[in-house]
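So the chains spell out like this:
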Amino acid sequence: MRVVSGIKPTGNLHLGNYLGAIKQWVGMQAQIEAAGGESMYFIADLHGLTEWIEPRALHANTFEIAAAMIASGIDPKRSILFNQTRVPAHSELSWLLNNVARVGWLNRMTQFKDKAGKNREGASVGLYDYPVLMAADVLLYSATHVPVGEDQKQHLELARDIAAKFNQDYDVELLVQPEPLVSKAAPRIMSLRDATQKMSKSNPSDAARINLIDDDDAIAQKFRKAKTDPEPLGEKLDDLKDRPEAKNLVTIFAALADRTTDDVVAEYAGQGFGAFKPALADLAVAKLGPIRDEMVRLTADRPAVDAILREGSNRAATLAAPLLRRVQETMGLLV
Ligand code: AQP
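Described in the following lines is the structure provided in the data block. If you're wondering where the values come from, they're calculated on a predicted model, not measured in any experiment.

### Observations concerning helix H3 (residues 55-72)
Here H3 spans 26 Å end to end across 18 residues, near enough to the 26 Å set by a 1.5 Å rise per residue. Counting buried positions over the 18 residues of H3 gives 13, a clear majority of the element. Where H3 ends, the next residue or the one after it, glycine 73, has phi of about 125 degrees, a positive value.

Spelled out as structure tokens, the structure:
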């Protein structure tokens, strides 16, 4: 079992990244270790370039995200933690796979359509090619499982298609088709201001997300101001199917508390958000406060974080080299 996943350093990590990705990664570490497998988590700084970002912000975010991952429980002794740029094999394999992926496949990617919006001609080639780099990220290590949020499932499907086409075109069994692992507890955390949109780093409204770096007051205030409706919670989760804001807050509560959504709805049945929101804020402060405090401590110790990333990058580069060499040989590049 080899588990590989990454996060773009495009801004502050938020509750969606934590519940949809990092919390699941942390929970799996011991199990993967016990199975003799490997967990590899990286900061996808090359993916961070696909939309304009100030170099200083990219640099600072990379450290902040590494700190957030460690503070959340990613243990550099159990998992390989690294940043993508320091392992050039990601870019090298990505170029090779560009010649396997089809334009028609990339044209179907909904994330490109969402991010490029109406200005497709003005989007970067990198944004369009993002899924091929993501395929390289996981195929490079023969990942068996890739924990992703629901929004990334289509990209992983593409990685599987690229692997299958490569193997078929060259008549080899070289690239492993990875399985997606979608968090059951929190497949998709939505914006606190508009539950039709996912919580994301790039939303211009800071009130739409809980950042892992937010202080206790900010967390409480954002939940207090989160958009909801005047109705009380019903008896079952099903009663919330047409109330996306209410459903989102219940999902967050359940994921933070490691409880089922049905259990949470049952506890608060008949109560309005005047009671539910403060309980949610208290829970979030209790769970996220210690992570934030540790994150602040680590962010101030850049040399220590840098040493962890360097060490992880060296280990990742060692694991990547044989597969890249075999792909190059298979394609006729190393003769
Ligand atoms: N709202 C979310 N709910 C559940 N999971 C989420 N993830 C992101 N947002 C949510 C998961 O977090 C991991 C890392 O994501 P990413 O940073 O690489 O890219 P993203 O999905 O594009 O995240 P953002 O926050 O929306 O960034 P921007 O705004 O820059 O595009 C992934 O596993 C993702 O599914």
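After that view of the structure, there is still more to cover.
### Re unusual backbone geometry
The backbone of serine 142 sits at a positive phi, close to 50 degrees, despite the residue not being glycine. Residue placement: serine 142 occurs in the loop between helix H7 (125-139) and strand S4 (145-148). Overall, serine 142 belongs to the partly exposed group, its relative accessible area being 24%. Here aspartate 258, not a glycine, exhibits a phi torsion of approximately 55 degrees, which is positive. Tracing the sequence through the fold places aspartate 258 in the loop between helix H10 (244-257) and helix H11 (261-268).

### A few points about the layout of surface pockets
The volume enclosed by the largest pocket comes to roughly 1,200 Å³. Every residue lining the largest pocket is counted, 48 residues in all, and those nearest its centre are Lys8, Gln111, Asp151, Gln152 and Lys198. Those elements that place two or more of their residues in the lining of the largest pocket are strand S1 (2-7), helix H1 (15-34), helix H2 (45-48), helix H6 (110-116), H7 and S4. With five residues, the single largest contributor to the lining of the largest pocket is H1.

### A short note on the pattern of salt bridges
Per the counting criterion, the structure on display carries 21 salt bridges. For glutamate 245, the salt bridge identified is with lysine 227, shortest N-O distance 3.5 Å. Taken together, the residues span a long stretch of sequence, with glutamate 245 in helix H10 and lysine 227 in the loop between helix H9 (216-225) and H10 at a distance of 18 residues. Since its relative accessible area comes to 15%, glutamate 245 is described here as buried. The residue aspartate 229 makes a salt bridge to arginine 243 at a minimum N-O spacing of 2.7 Å. Here aspartate 229 is found in the loop between H9 and H10, whereas its partner arginine 243 is found in the loop between H9 and H10, with 14 residues between them in sequence. With a relative accessible area of 21%, aspartate 229 lands in the partly exposed category. The buried category is assigned to arginine 243, whose relative accessible area is 13%. Here the residues in one salt-bridge network are Asp206, Arg209, Asp214 and Lys222, joined through shared partners.

Analysis parameters
- Residues numbered from 1 in each chain as written.
- Predicted model: local features only at pLDDT ≥ 70, side-chain atom pairs only at ≥ 80, totals over all residues.
- Heavy atoms only, no water.
- Helix = DSSP H or I, 4+ residues; strand = E, 2+ residues; numbered from the N terminus.
- Expected span 1.5 Å × (residues − 1).
- Buried < 20%, exposed > 50% of the residue type's maximum accessible area, 1.4 Å probe, protein only.
- 1 Å grid on protein atoms, 1.4 Å probe; cavity = no way out; pocket = protein on both sides within 12 Å on 5 of 7 lines; lining within 4 Å.
- Points joined across faces, edges and corners; volume = space filled by probe spheres on them.
- Salt bridge = Lys/Arg side-chain N within 4 Å of Asp/Glu carboxyl O.

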